[in-house]
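Listed below, chain by chain, are the residues.
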Amino acid sequence: MALLDDKRFMSPLTPSGRASLLDLATEPTQRIAGDMMVIGFEADPEVVRKYVPEPLELDGSGLIYLRTYNAWFYSDRMQTEFVSPERSNYTETFFWIPCDYKGERYHYMLYSWVNRDWLAFLGRHAGMPHKVANVQMTPFHPADPVYNGPKPGIRICTSVDCVGTVVRTYLDFKEPVPDDQPLPFRQREGYTPKYLGRRQFYDVVSGRPIVDDLVAHWGDAMEYSTVWSGDANVTFYEHENEEVLPFQPRRMVGGWWFTLRFDHQTSPPKIVHSYI
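Because the structure is predicted, anything quoted here is derived from the model rather than measured. (Residues numbered from 1 in each chain as written. Predicted model: local features only at pLDDT ≥ 70, side-chain atom pairs only at ≥ 80, totals over all residues. Heavy atoms only, no water.)

A.B. asks: Just checking my understanding: could you explain the overall build of the protein chain for this structure?
C.D. replies: Secondary structure summary: the protein chain contains 2 helices and 15 strands in total. Here the protein chain has a C-alpha radius of gyration of 19 Å; the compact-globule value for 276 residues is 19 Å, and the two agree. Along the first, second and third principal axes, the C-alpha atoms of the protein chain reach 55 × 50 × 40 Å. Every one of the 276 residues in the protein chain was classed for burial, and the buried ones make up 50%. Of all intrachain contacts in the protein chain linking residues separated by at least 6 positions in sequence, the fraction that spans at least 24 positions is 67%. As displayed, the protein chain offers around 13200 Å² of accessible surface, 52% of which is attributable to carbon and sulfur atoms. A distance of 2 Å separates the average location of the 28 positive side-chain charges in the protein chain from that of its 36 negative side-chain charges. (Helix = DSSP H or I, 4+ residues; strand = E, 2+ residues; numbered from the N terminus. Rg over C-alpha atoms; globule rule 2.2 N^0.38 Å. Buried < 20%, exposed > 50% of the residue type's maximum accessible area, 1.4 Å probe, protein only. Contact = heavy atoms within 4.5 Å. Areas by Shrake-Rupley, 256 points an atom, 1.4 Å probe, with all protein chains shown as cover. Lys, Arg positive; Asp, Glu negative; His and termini not counted. Charge placed at Lys NZ, Arg CZ, Asp CG, Glu CD.)

A.B. asks: Which parts of the structure should I look at to understand empty space enclosed by the protein?
C.D. replies: Applying the stated rule across the entire model yields 2 cavities of 30 Å³ or more. Estimates place the volume of the largest cavity at around 250 Å³. Along the wall of the largest cavity there are 22 residues; nearest its centre are Tyr90, Glu92, His217, Phe262 and His264. Those elements that provide at least two residues to the lining of the largest cavity are β1 (31-42), β2 (63-74), β3 (89-101), α2 (117-124) and β14 (251-263). At 3 residues, the largest contribution of residues to the lining of the largest cavity is made by β3. Grouping the amino acids of the lining of the largest cavity by side-chain chemistry returns 17 nonpolar, 4 polar and 1 charged. (1 Å grid on protein atoms, 1.4 Å probe; cavity = no way out; pocket = protein on both sides within 12 Å on 5 of 7 lines; lining within 4 Å. Points joined across faces, edges and corners; volume = space filled by probe spheres on them. Nonpolar A, V, L, I, M, F, W, Y, C, P; charged D, E, K, R; others polar.)

A.B. asks: When you look at the pairing of β2 in this model, what are you seeing that I'm missing?
C.D. replies: It is a general feature of regular strands that their side chains alternate between the two faces of the sheet. Counted residue by residue, β2 has 10 buried out of 12 residues, so it is predominantly covered. Direction of pairing for β1 relative to β2: antiparallel, over a ladder of 12 bridges. Bridge pairing in β2 places Met36 opposite Tyr69. As defined by bridge partners, β2 adjoins β3 across 8 bridges and the pair is classed as antiparallel. Looking at β3, one finds that Leu66 is bridged to Phe95. (Pairing = 2+ DSSP bridges.)

A.B. asks: Please clarify how the nonpolar core should be interpreted in this entry.
C.D. replies: A general trend in soluble globular proteins is that nonpolar side chains are found buried together. In terms of nonpolar packing, the biggest core is built from 43 residues, with Phe95, Trp113 and Phe247 touching the most fellow members. Discounting residues that sit within four places of it in the chain, Phe95 has contacts with Ile64, Tyr65, Leu66, Tyr108, Met109, Leu110, Tyr111, Trp113, Phe236 and Phe247. Core analysis: the second largest hydrophobic core is formed by 31 residues, Trp118, Leu119, Leu122 and Trp256 among them. (Core = buried A, V, L, I, M, F, W, Y, C linked by side-chain atoms within 4.5 Å.)

A.B. asks: Would you mind showing me how to read the pattern of salt bridges here?
C.D. replies: Any two side chains of opposite charge can pair, given that their charged atoms come close. Under the counting rule described, the total for this entry stands at 18 salt bridges. Measuring nitrogen to oxygen at the nearest pair gives 2.9 Å for the salt bridge that ties Asp212 to Arg198. Here Asp212, found in strand β11 (residues 208-217), pairs with Arg198, found in strand β10 (residues 195-203); they are 14 residues apart in sequence, far enough to count as distant. A relative accessible area of 9% means that Asp212 is categorised as buried. Within the structure, one salt-bridge network assembled from shared partners comprises Arg18, Asp23, Glu27, Arg77, Glu81 and Arg87. (Salt bridge = Lys/Arg side-chain N within 4 Å of Asp/Glu carboxyl O.)

A.B. asks: How should I be thinking about a nonpolar patch on the surface in this particular structure?
C.D. replies: Together, Tyr202, Val204 and Val205 give the surface a local cluster of nonpolar side chains, amounting to about 390 Å² of exposed area. Turning to its location among the elements, Tyr202 is positioned in strand β10. (Patch = residues over 30% accessible without salt bridge, like charges linked within 9 Å, V, L, I, M, F, W, Y side chains within 5 Å.)

A.B. asks: Sorry if this is basic, but what is going on with the pairing of β14 here?
C.D. replies: Bridge count between β1 and β14: 11 bridges; the pairing is antiparallel. Paired with Phe41 across the bridge in β14 is Met252. Bridge analysis of strand β12 (residues 220-224) against β14 gives 3 bridges, and the strand direction is antiparallel. Pairing of Tyr224 across the sheet is with Leu260, part of β14.

Below, the structure written as structure tokens:
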């Protein structure tokens, strides 16, 4: 079973599953397409080490990628049914920290914010610590004479607000990255990056975690557009219910933008480490 192909994965539980938060997400023809912005920066390595759990290994650089994805869930049902955009479109921003475990590269998702409740529900089952928030990214539109697609001089902005501003970023487009030039996060080179999250379910009846592990998941059938690069900026804000200020960048590494299409039809998530 892949991540999203089982109609038994539902909430609430009903005979048909039609009321489930994951009604559309568990369609067999489900696929995902959208715009991805990646911003790389180096934070205090000691802070990063404190927040990334053992036994994950870090290189000591403090490198973090902040990724924002504005995307759509598509399925064949959309051709014959009325589907509200809120049920298929979403935007998410998340920490993506390079790490290694038993010789394999993963990217740890320490924080994540999404603008849909169904995605927050889904993500937590795979260890993604989604919070529901107002997450936005500047879109392109083919009818606009300037913002009709990526080009030098364009600025794309993102923001996360969750009972107050959490983070704001921007990327100033400079140039496309040649196809034969490696990306620092290796995506598009016949390599599928693995996302890693800590999945913990606490049983309020017994007063203990009944699940506590590190779960990896990744996309299938990935397709990328030309990758654009440029200068980027990240600013974290003081917040009553977030711990982002300790990650204020010491050095910016760069920013990248591309379109990404994938699905979850083949590869199931896997547990890579258990704490119980």
